[in-house]
Amino acid sequence: MFDWVTPELAQIFFTVFQAVVILLVTVLLAAYLSLIERKLLAWWQDRYGPNRVGPFGMFQIVADMFKMFFKEDWTPPFADKLTFRLAPAIAMGTILLSMAVIPVTATWGVIDLNIGLLFFFGMAGLAVYSVMFAAWSSNNKYSLLGGLRAAAQTVSYEVFMGLALMGVVVQAGSFNLRDIVEAQSNLWNIIPQFFGFCTFMIAGIAVTHRHPFDQPEAEQELADGYHIEYSGMKWGMFFVAEYIGVVMVSAMIVTLFFGGWKPLPYLDFIPSFVWFAVKTGFFIMLFVLVRGALMRPRYDHVMKFSWLVCLPLTLVNLLVTAAVVLLNTPAA
Amino acid sequence: MAENATLDTALPQVVSELFAQFGEGTFVVQPTKDDVPTLWVTRDKVVEVLRFLRNVPKPYSMLYDLSAVDERLRTHRYGLPAADFTVFYHLLSIERNSDVRIKVALSSDSLGIPSVINIWPNANWYEREVWDLFGIDFEGHPLLTRIMLPPTWKGHPLRKDYPARATEFDPFMLNAAKQDFEQEGLRFNPEEWGMKRGTADEDFMFLNLGPNHPSAHGAFRIVLQLDGEEIVDCVPDIGYHHRGAEKMGERQSWHSFIPYTDRIDYLGGVMNNLPYVLAVEKLAGIKVPSRVETIRVMMAEFFRITSHLLFLGTYIQDVGGMTPIFFMFTDRMKAYDVIEAVTGFRMHPAWYRIGGVAHDLPKGWQKLVQEFVDWMPKRLDEYVKAAVKNSVLKSRTIGVAQYNSKEAIEWGVTGPGLRATGIDYDLRKARPYSGYQNFDFDVPLAHNGDAYDRCLVRIEEMRQSLRIIKQCLDNMPEGPYKADHHLTCPPPKEKTLQHIETLITHFLSVSWGPIMPAGEASQLIEATKGINSYYLTSDNSTMSYRTRIRTPSFPHLQQIPAVIRGSMIPDLIAYLASIDFVMADVDR
């Protein structure tokens, strides 16, 4: 009956199945993150947070989705229609694609690219187009200012985001994320690559436009910046994309610096995907805590910090790592 | 000679200086119920006199207030120069700690007076307001347009022939054409706002911020001319919150106007009642018992704390810290619980009365107040540690929107904004009212005059307010909560059923309201946001003839362009937060 299922075909089915599961989990988790974030912030801020819809407000997200889907999807008459509609799709698309290269466990993952890390950089670089398209096509001065900030910030932060990870690449000798995880079997990268971790963490927050690097939307200054003219599900896509970004950057930090699915010593009876999930969850919460705790620096201070502190730090980190690796390599 | 000498010592110093300079014949001295020397001069002399006062040794450097009175229906004007309208200038000298009021009589057929912008830059908005509401022309004013009312408005509402009630107008209607017309009036036209569209080489970018903007703290609009994110120039636009409180003062009884005062600085609660009832008591000649004074001080200080707490929360929020404000709202809840237990209301108790307060303190008030006094200091320490010392907050506010003492005084800045520049001027110390001389407290100062210092001053002020409340708690005098005076309103009820005279007085003062003796009085107080004052003119009637409300936020907003030019948009937001204004306090 199933004799048409060749091993290749089974492999394809399994890969597609994996991809769909990871996609759904990511998107649902991202959507649910809006509730989780509100709850966490509420607890840290001495209040209850959403607690009306369902037990502990768990179905708040359903109510939010209903609202978002049925809200008028309004395109301003003065907007550039094509780019205006394209922008949220790019936001969601690029960030979901970069999720694809992240290895959840040794056997789970959508795609195992040998240049996985470069693919991630590429997608993160493309993501800025969504902000700029949204900002420009809205034909609104607040969104324009937000777009300008986003462009400047992304350029500044992507430079050292790449450099921050070069130390990791040098140590593993590969751009493949699975190889990088495997290379951490003995020692997680957080120890040898501590400065790389710090700078990547900062850059990660900046790239996802999370507070305190939410300069492009800066509610108090630009009243939501680049997506000020968006409503309904288009706005919802920016919103969800931001949370997917949080999940993605957290997963990336775990993969690159915290040994991916690798367990802590003596705790290897816990399944590897649990390890991955727990580590990722920790960083997601950290993102929320940062938002609750910090103020927003001024936009030009953010730029200065990028070029004068983070960039030199990553360069030094890369040079030292390279020197150590060279010293330990036996002469050919 | 001997007679002259005694006369001179009886005269306030500024009056003798003016007499010496211009001769006694130049002035008509008007007796008032407050201590402010009030002199009338003619229109052709006024600029000269004002400039003299501005440059006299220990100068009157602050134009504290400038407004007008429509005198046409006023009956009790003994010995005053004939006038249809009066423009008055209230000057303040911080070095002398004294005021002087200069008045100019104008007749209806030539309603013009020279502008004094060259002497005090903050005369600008005051003169526009007078033009808007009275139709008095200021010759030499660069941009004499409406400021409170929309540009499409007809008439000048504070004139006595302009009706005060909606029932005296035709029914209001708004059709599409009228709506478009009104909308068009709101359109930003750089030329009409005294700005340029660009130079030969470039067009300027204008950004309309407000009246609906998350950091505008109410219906405040400011149009920015930008170069990138740098603010080249800006024009604040106010009036979206204008409710005509001064006009309402002319149609409410002395007593029934009290609730309106609560809503002037809507975060100040009973703090707003204080200058009003003190001014009315000056008119009436009421001296209140010491228990009343102490209760008033205590409740006013409670509102200083709640107002400053909201300032601190929104200030941190405006620089991007979202968490602290929730904690401050918890504290405000606790303060409002005490306020509610004492007054029966939370935000706008309207609880002070002419000659007293509405009722005595409730049983057990000590416990409530004590709980709050014990609760608050620890929380303040925590806020300082967790938020105010944060390096990001410091980098956002230190050196931002800085002005020095001279600029502050020139622009009429009072309150924490003035004390943050290092000037030790707190009316509670400088001119104690309502028994503040009996309290032991410090006046917090800072010296850089930037957005950060304004915050530090306010935090320290909360601590001092707690000290004052603690002293009220420990030393609350016994006695009545109302003065025994026939103009006290409502009069003490206990006496009404024993004498026919007191019964009649009670009946009249409750049904019509008390009649305040003709005269003028003002009272300045150190309110939550700076110096607030009511300048009342009584024409021996149940209602005020003119109620001038001078609020601190009005000059503070006027100063914005002078401070913020050359800064960036985030600096403007931090600056707006550090001013601590509410639009009701600006527009009234």
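Overview of the structure. None of these values were measured; they are calculated from a predicted model. (Residues numbered from 1 in each chain as written. Chains lettered and ligands numbered in written order. Predicted model: local features only at pLDDT ≥ 70, side-chain atom pairs only at ≥ 80, totals over all residues. Heavy atoms only, no water.)

**Considerations on the overall build of chain B**
Stage number 1. When helices and strands are counted, chain B shows 21 helices and 15 strands.
Stage number 2. For 588 residues, the compact-globule estimate of 2.2 N^0.38 gives 25 Å, and chain B sits close to it at 24 Å.
Stage number 3. Counting every position in chain B, which comprises 588 residues, the buried fraction comes to 60%.
Stage number 4. At a minimum sequence separation of 6, the contacts of chain B that also span at least 24 residues come to 69%.
Stage number 5. For chain B, the accessible area works out to roughly 22,600 Å², and carbon and sulfur atoms hold 54% of it. (Helix = DSSP H or I, 4+ residues; strand = E, 2+ residues; numbered from the N terminus. Rg over C-alpha atoms; globule rule 2.2 N^0.38 Å. Buried < 20%, exposed > 50% of the residue type's maximum accessible area, 1.4 Å probe, protein only. Contact = heavy atoms within 4.5 Å. Areas by Shrake-Rupley, 256 points an atom, 1.4 Å probe, with all protein chains shown as cover.)

**Some remarks on the layout of surface pockets**
Residues and elements named next belong to chain A.
Stage number 1. Counted as a void, the second largest pocket has a volume near 1,100 Å³.
Stage number 2. Taken together, 46 residues line the second largest pocket, and the ones lying closest to its centre are Glu37, Trp235, Phe239, Tyr243 and Arg291.
Stage number 3. When residues of the lining of the second largest pocket are traced back to their parent elements, those giving at least two are α1 (7–44), α2 (60–70), α8 (219–222) and α9 (232–257).
Stage number 4. It is α9 that provides the largest number of residues to the lining of the second largest pocket, a total of nine residues.
Stage number 5. In terms of residue class, the lining of the second largest pocket is built from 21 nonpolar, eleven polar and 14 charged. (1 Å grid on protein atoms, 1.4 Å probe; cavity = no way out; pocket = protein on both sides within 12 Å on 5 of 7 lines; lining within 4 Å. Points joined across faces, edges and corners; volume = space filled by probe spheres on them. Nonpolar A, V, L, I, M, F, W, Y, C, P; charged D, E, K, R; others polar.)

**Considerations on the interface of chain B and chain A**
Stage number 1. Across the boundary between the two partners, chain B contributes 33 residues, which contact 25 residues of chain A.
Stage number 2. Between chain B and chain A, roughly 2,500 Å² of surface is buried when both sides are summed, and carbon and sulfur atoms account for 61% of that area.
Stage number 3. Between chain B and chain A we count two salt bridges in total.
Stage number 4. Between Arg298(A) and Asp571(B) there is a salt bridge, and its shortest N-O distance comes to 2.8 Å.
Stage number 5. In this structure, the connection of chain B to chain A is made through eight residue pairs in polar contact (both at pLDDT 80 or more).
Stage number 6. Of all the secondary-structure elements, those providing two or more residues to the side of chain B that touches chain A are β8 (205–209), α9 (290–318), α10 (324–343), α12 (391–397) and α20 (569–579) of chain B.
Stage number 7. When residues of the side of chain B that touches chain A are assigned to their parent elements, the largest contribution, five residues, is made by β8(B).
Stage number 8. Of the residues assigned to the side of chain B that touches chain A, the class counts are 18 nonpolar, eleven polar and four charged. (Buried area = accessible area lost by both parts, 1.4 Å probe. Salt bridge = Lys/Arg side-chain N within 4 Å of Asp/Glu carboxyl O. Polar contact = N/O pair within 3.5 Å; in protein donor to acceptor, adjacent residues only side chain to side chain.)

**Things to note about the packing of aromatic side chains**
For any pair of aromatic rings, the description consists of the separation of the ring centres together with the inter-plane angle of the planes.
Stage number 1. Counted according to the given criterion, the structure contains 40 aromatic pairs over all chains.
Stage number 2. Centroid distance Phe19(B) to Phe27(B): 5.8 Å. Interplanar angle 35°. Geometry classified as tilted. Phe27(B) shares its class with Phe19(B); the two are buried.
Stage number 3. A ring pair is formed by Phe303(B) and Tyr336(B), whose centres lie 6.1 Å apart and whose planes are at 65°; its orientation type is edge-to-face. In this pair, Phe303(B) sits in helix α9 while Tyr336(B) sits in helix α10, placing the two residues 33 residues apart along the sequence.
Stage number 4. Accessibility expressed as a relative area gives 0% for Phe303(B), which makes it buried.
Stage number 5. Members of the aromatic cluster, connected to one another through ring pairs, are Phe120(A), Phe121(A), Trp188(A), Phe194(A), Phe195(A), Phe197(A), Phe200(A), Phe257(A), Phe258(A), Phe282(A) and Phe283(A).
Stage number 6. Sitting over the ring of Trp375(B), Lys334(B) keeps its end group 4.4 Å from the ring centre. (Phe/Tyr/Trp six-rings, centres within 6.5 Å; stacked < 30°, edge-to-face > 60°. Lys NZ or Arg CZ within 6 Å of the ring centre and 35° of its normal.)

**Comments concerning the pairing of strand β13 (residues 519–526) of chain B**
Here is the key point about a regular strand: its side chains alternate between the two faces of the sheet.
All names here are of chain B.
Stage number 1. With eight of its eight residues buried, β13 lies for the most part within the structure.
Stage number 2. Of the two faces of β13, the one holding Gly519, Ala521, Gln523 and Ile525 and the one holding Glu520, Ser522, Leu524 and Glu526 are both buried throughout.
Stage number 3. Two strands pair when backbone bridges link them, and β13 and strand β14 (residues 531–538) are joined in this way by eight bridges, in the antiparallel orientation. Residue pairing in the sheet places Ala521 in a bridge with Leu536 of β14. (Pairing = 2+ DSSP bridges.)

**Some remarks on the pattern of salt bridges**
Residue and element names in this part refer to chain B.
Stage number 1. One pass over the structure, following the stated rule, counts 49 salt bridges over all chains.
Stage number 2. For Glu371, the salt bridge goes to Lys367, with nearest N and O atoms at 3.3 Å. Linking Glu371 with Lys367, this pair stays in helix α11 (residues 365–388), spanning four residues, or about one helical turn.
Stage number 3. Two residues, Asp381 and Arg463, come together in a salt bridge whose shortest N-O distance is 2.8 Å. Of this pair, Asp381 sits in helix α11 while Arg463 is found in helix α16 (residues 451–474), placing the two residues 82 residues apart along the sequence.

**Things to note about the nonpolar core**
Stage number 1. Ranked by size, the top nonpolar core spans 174 residues in total, and within it Tyr89(B), Ile102(B), Ile136(B) and Ile560(B) carry the most contacts.
Stage number 2. Sorting elements by how many residues they give to this core places α9(B) first, with 14 residues.
Stage number 3. Ile136(B) has contacts with Ala68(B), Phe85(B), Val87(B), Leu106(B), Leu111(B), Ile113(B), Val130(B), Trp131(B) and Leu144(B), leaving out every residue within four places of it along the chain.
Stage number 4. Among the nonpolar cores identified, the runner-up in size contains 72 residues, and Leu33(A), Phe121(A), Val169(A) and Met303(A) belong to it. (Core = buried A, V, L, I, M, F, W, Y, C linked by side-chain atoms within 4.5 Å.)

**Quick notes on empty space enclosed by the protein**
Stage number 1. The tally for this structure, following the rule as stated, stands at three cavities of 30 Å³ or more.
Stage number 2. Its boundaries defined by the atoms lining it, the largest cavity holds a volume of some 200 Å³.
Stage number 3. Taken together, 17 residues form the lining of the largest cavity, with Ile95(A), Ala127(A), Ser130(A), Val207(A) and His209(A) sitting closest to its centre.
Stage number 4. Put simply, the parts of the chain that give the lining of the largest cavity at least two residues each are α3 (81–99), α4 (116–137) and α9 of chain A.
Stage number 5. With five residues, the single largest contributor to the lining of the largest cavity is α4(A).
Stage number 6. Grouping the amino acids of the lining of the largest cavity by side-chain chemistry returns ten nonpolar, six polar and one charged.
Stage number 7. Quantified by volume, the second largest cavity comes out at close to 60 Å³.
Stage number 8. Together, Tyr403(B), Val413(B), Gly417(B), Arg454(B), Arg458(B), His556(B), Gln559(B), Tyr575(B) and Ile579(B) line the second largest cavity.
Stage number 9. Here the lining of the second largest cavity is built from residues that sort into four nonpolar, three polar and two charged.

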